[in-house]
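# Summary of structural features
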Amino acid sequence: MIINFEFLDEEPIENIITCLHYKVDKVVFFGEKVRIDEKKNSIERFLKKYCNVKERPEFLEISNTDLDAVVNVMRNAINLERKQNNECYFDVTGGEGLALLAFGMLSRELKVPMHMYDVEKDELLEFDKDYAERISKNVPSQSVRMNLDKLIEMHGGVISYKHNKGYKGCHSKKDKADIRKLWKLKERFEKEWNQFTMFLARHAQMMTVELSVETVSEDISTRKGIKNLTKLNQILDALAEVEMIRNLKYGNDSYSFTYKSEFVKSCLCDSGSVLEQYTFLQEQNNTGNLDCRVGVHIDWDGIIHTEQGRDVLNEIDVLSMYGNVPVFISCKGGNVDQNALYELDAVSSRFGGKYAKKVLVVSKPLSKGHALRAEEMEIEERIVE
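Conventions we followed
- Residues numbered from 1 in each chain as written.
- Predicted model: local features only at pLDDT ≥ 70, side-chain atom pairs only at ≥ 80, totals over all residues.
- Heavy atoms only, no water.
- Helix = DSSP H or I, 4+ residues; strand = E, 2+ residues; numbered from the N terminus.
- Expected span 1.5 Å × (residues − 1).
- Buried < 20%, exposed > 50% of the residue type's maximum accessible area, 1.4 Å probe, protein only.
- Contact = heavy atoms within 4.5 Å.
- Pairing = 2+ DSSP bridges.
- Axes fitted to C-alpha atoms, helices over the stretch in contact; angles between N-to-C directions.
- Right-handed = clockwise from strand over helix to strand, strands pointing away.

It is worth spelling out helix α10 (residues 229–241) at this point. Along its 13 residues, α10 runs 18 Å from first to last C-alpha, staying within 8% of the 18 Å computed at 1.5 Å per residue. Among all positions in α10, only Leu-232, Asn-233, Ile-235, Leu-236, Ala-238 and Leu-239 are buried. Structurally, α10 contributes buried residues whose contacts are with α7 (173–188), α8 (190–203), α9 (213–221), β9 (245–250), β10 (254–259) and α11 (262–268). Where α10 ends, the next residue or the one after it, Glu-243, has phi of about 60°, a positive value.

Here is the structure:
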C-alpha cells in the first residue's frame, strides 16, 4: 500500500492536497489531540468521498514540547508500515514546529522521501531527489479538481441548495445578455436605482403589473430616491426601450406593464441583485476560474435540518474558485457599514482559510475609515465599472 505521513494542519487543503494528486491508500496524521478531535471526521469523509483513499486515516497524538517523544511516535508508525511492505512518503505541506523537525530527521534516518505542495500554485516540490521511491515516480497520479462544493465540505460545512434563489443558480445566454442591459440602466439611473427596485419589490411582484397612479404617487412621496412620477416614467421608458418590460402603459389613472421574463422580474425586484449578477458575469469570465456561482448559501455545521430556524446560514453574493484558491465576494451598491467588512472576513476565514481572497465590490469608493479597515483585514476594494 501507499502510505502518506502528514502533519495535521489547521488549513484543510494542506491536509488533503497530496491525495488530490496521487492515489494514496492510507494517510497517517500526526497532531495535537485538540486538533485531531476538531478535524478528524471532516477529513475522513473528504478522503473517502472524493480522493478514493481505501483505508480509514490514522490519527496519532504527538507532543508539542518533547522532540524525542515526537520522533519516537513517528518512527514506530513508519516502521510498522514498512514491516507490512508498504511504501512510505512524507508530506510536509504546512508543517510546523517539532513535527516538521522530526520529519526532516526521520527522512534522513529511514530514507523516506519528503515532499510538499505550493498550494496557491498547485505545484509539487520534492526533496531528497536521489531517493528511488519519489512520489512523482512511484505513485499513480490522479486529478481530483476542487470546486465550491468540495471547498465548503472540506471546511466542515455544506452548500444549502434549498435556500438558493432559483434565478441565481442557472443562467442562459439570454439571461446573461439581459444582465448587461440591466447593468447599463443601473449606471444610467444610479441615484434612483435602489429605491426603484425596492418600489418594485413592494408593489410589482406579479409578472403582469397593474397599479393605480394614486398608489404609485403615495409610495414615492413618502420615500426618498425617486423624486417624482416624471423620473419614474423615465426609468420605465428606458426599461421598455431595451425590452426588459413590455406593453408599458401609463396615464392619469394607472400604470401597467409585463416583465420580459421571470429572471428579469427577479433581478428587478431584488435590491442589489443586478450588481451581484454583473459581478458574477465578470468573475465567471476571468481566466483560470474553475467554478463560479452567485447567491451561495453556506450551512455552517454541514447538516441541513428539516426544522425551520435550526440552520446557521450565510449567503455569499459571489463565490468562485481558482485552482485551490477561493474568492469570497460581497457586493454593496449603497453605503457600506463596518459590519459588512466583518461578515466577509468571518465567513471567508471559516470556509476559505488563509488562502482565501476577500473582495468587496462597491459602486462608489469606501470612506477613508472603512477603506483603511478593509486594507487591514486584507479585503480588496473593487469599484465596479
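Judged by pairing direction, the sheet is antiparallel, and its three strands sit side by side in the order β8-β10-β9 without closing on themselves. Of all the strands in the sheet, just β8 (208–212) and β9 have a single pairing partner and so form its edges. Strand-to-strand twist of the sheet, defined as the mean angle between neighbouring strand axes without regard to direction, takes the value 10°. For β9 and β10, the ladder comprises four bridges, and the chain directions are antiparallel. Across the sheet, residue Tyr-250 finds its bridge partner in β10, namely Tyr-255. Contacting β9 and β10, α10 runs over the sheet at an angle of about 150° to β9.

Attention shifts here to the sheet that holds strand β5 (residues 114–118). Read across the sheet, six strands follow the order β3-β2-β1-β4-β5-β6 without closing on themselves; strand pairing throughout is mixed. Of all the strands in the sheet, the pair left with one neighbour each is β3 (58–61) and β6 (123–127). Taking the axes of each pair of neighbouring strands and ignoring which way they run, one obtains an average angle of 25° across the sheet. Bridge count for strand β4 (residues 87–91) against β5 is two bridges, and the pairing is parallel. When the sheet's bridge partners are listed, Asp-91 is paired in β5 with His-115. The sheet strands contacting helix α2 (residues 33–50) are β1 (2–7), β2 (26–31) and β3, and the helix crosses β3 at an angle near 170°.

Burial of β2 is extensive: six of the six residues sit out of reach of the surface. Side chains of β2 alternate between two faces, with Lys-26, Val-28 and Phe-30 and Val-27, Phe-29 and Gly-31 buried alike. Between the parallel pair β1 and β2, the chain is carried across by helix α1 (residues 12–21), and the sense of this crossover is right-handed. Of the strand pairs in this sheet, β2 and β3 are connected by four bridges, and their pairing is parallel. Looking at the pairing, Val-28 lines up with Glu-58 of β3. In this view, the connection linking β2 to its parallel neighbour β3 by way of α2 has right-handed handedness.

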